[in-house]
Amino acid sequence: MGAPSQTALPQQAQPALVLFALAVGAFAIGTTEFASMSLLPFFARDLGIDLPTAGHAISAYALGVVAGAPVIAALGARLPRRTLLIGLMAMFAIANGLSALSPSYYWMLLFRFLSGVPHGAYFGVAALVAANLVPIEKRTLAIAKVMSGLTLATVIGVPVANWMGQVLGWRSGFFVVAALAVATVTLVALYAPRDAGDIKASPVRELTALGKGQVWLTLLTGAIGFGGLFAVYTYVASTMMEVTHVSETYVPLILAIFGIGMTLGNLVVAWLADKARNRTVIGVLLWSAASLALFPLMAGNIWTLSLNIFLIGIGGGLGTPLQARLMDVAGEAQTLAAALHHSAFNMANALGPWLGGLSIAAGYGLVSTGWIGAALALGGLAVFVLAITLERRGPGMIPAAAE
């Protein structure tokens, strides 16, 4: 398999500052992505809609990612990565500011869709920049450091946004995200390495990734396997108030516990994946299936729910090894493949809440999202096992470190 080329960066590039700048953008994206779920009860009430209908705003954002990532990645492949990152974050800032001003449910759907459009391309380009900062055997951990911005958002950004939503109104959470995006534009402009772009890149070359079966199977692993986490997380605030019977003031604490689990999972899983990527992915999917299956049994008590949410959060480390795998199987279509990973992630973000909402609307209760989640994690595992089985039977052997 062709590994991604390690493009030499200018001498003045400082890896720690570059990774920090990219992580701030990830923090902004993670805050809006996950805080929107925790704010569901509040903007549903304000906009006069029920909870499953409000969940469509989450799906709209996710579909924006799915639609925007491949288009921007293909059309922007020749642009300098620094320029592309700045433009994407500027669009993200504007769209989140408009989300805060949404006058109705339908405007909310539109602005959430637009907010999602730059998401996947930003993470894809940021992952490529991070991977080029370090030797190839350390790239998964470098990508994880960028993604730590997203996971830290679940520890700090989401609980703060949820608290602000309770105290100042749900619109304040989106205004904060817009401000973080503006800060990212500034940091990327200051610290990201200047590059001339890839003059050999073209939409046609990027689209070659779509002809590779292993790319599709890896994407499908994420689209299905990650859906379980979102099926539960989207409705956890409502579950706490209606099933666990605790005050909404506890919601930020539980969200922070989830974030701690996700942050630890991201770093530990990345470290393991640099040594044995495929086995790590299998292990994480099994972990997710088990922890999600326990959710209906542990949601009735605040202490057991806290432990379960922490365990579910650890499963959020799945994304980084799948991102690194896409870099191996995509050949020269690096930008599109990296961006498509986040399209798959957000297909999961659309699929999980949708299936969870169907289960709730059918009368199976809020805790039924745990069973939905476990089934999705096992579905992702089945796809991944198929992918590595076909790969081993193919003409090229995979690197030993990936096993």
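Everything here concerns the structure above.
In this report, the structure presented in the accompanying data block is examined. Given the structure is predicted, the values throughout are model-derived calculations rather than measurements.

Here is what the cut-offs are and how they apply
Here the residue numbering is sequential within each chain, running from 1 through the sequence in written order. With the structure being a predicted model, the display of local features is reserved for residues of pLDDT at least 70 and the display and counting of side-chain atom pairs for 80 or more, all residues being used for whole-chain, interface and lining totals. In computing side-chain properties, one takes all heavy atoms of the structure into account and sets aside hydrogens as well as water. As used here, the term nonpolar core means buried Ala, Val, Leu, Ile, Met, Phe, Trp, Tyr and Cys residues forming a set that is joined through side-chain atoms within 4.5 Å. Partly exposed residues are those whose accessible area sits between 20% and 50% of the maximum for their type, while under 20% is buried and over 50% is exposed, using a 1.4 Å probe and protein chains only. Helix and strand definitions here come from DSSP, where helices need a minimum of 4 consecutive H or I residues and strands a minimum of 2 consecutive E residues; each element is numbered from the N-terminal end. Marked domain ranges trace back to an automatic or database domain assignment. Note on contacts: a residue pair qualifies if any of its non-hydrogen atoms lie within 4.5 Å across the two residues. Pairing of aromatic rings covers Phe, Tyr and Trp, the last counted by its six-membered ring, and requires centre-to-centre distances within 6.5 Å; plane angles under 30 degrees mean stacked, over 60 mean edge-to-face, and any other angle means tilted.

Brief notes about the nonpolar core
At step 1: Counting residues in each nonpolar core, the largest one holds 98 residues, and the members touching the most others are F34, F43, Y122 and I309.
At step 2: Examining the composition of this core, we find that 11 residues originate from one element, helix α1 (residues 15–38), more than from any other.
At step 3: For this core, the domains that each give at least three residues are domain 1 (12–192) and domain 2 (206–393).
At step 4: In contact with F43, not counting residues within four places along its chain, are S36, A54, A57, M108 and W170.

Some thoughts on the packing of aromatic side chains
At step 1: Under the definition given, this model contains 8 aromatic pairs.
At step 2: Measuring from ring centre to ring centre gives 5.9 Å for Y122 and F123, while their planes differ by 70 degrees; the resulting arrangement is edge-to-face. Exposure class is identical for Y122 and F123. Each is buried.
At step 3: Judged by centre distance (6.0 Å) and plane angle (85 degrees), the rings of W170 and F174 are edge-to-face. Like F174, W170 is buried.
At step 4: In textbook terms, an aromatic cluster arises when at least three aromatic residues are bridged by ring pairs, as seen for F226, F230 and F345.

Notes on the environment of A387
At step 1: By secondary structure assignment, the location of A387 is in helix α19 (residues 369–393).
At step 2: Distance in space between the C-alpha atoms of A387 and T218 is 7.2 Å, their sequence separation being 169 residues.
At step 3: Setting aside its immediate chain neighbours within four residues, A387 contacts Q214, L217 and R325.

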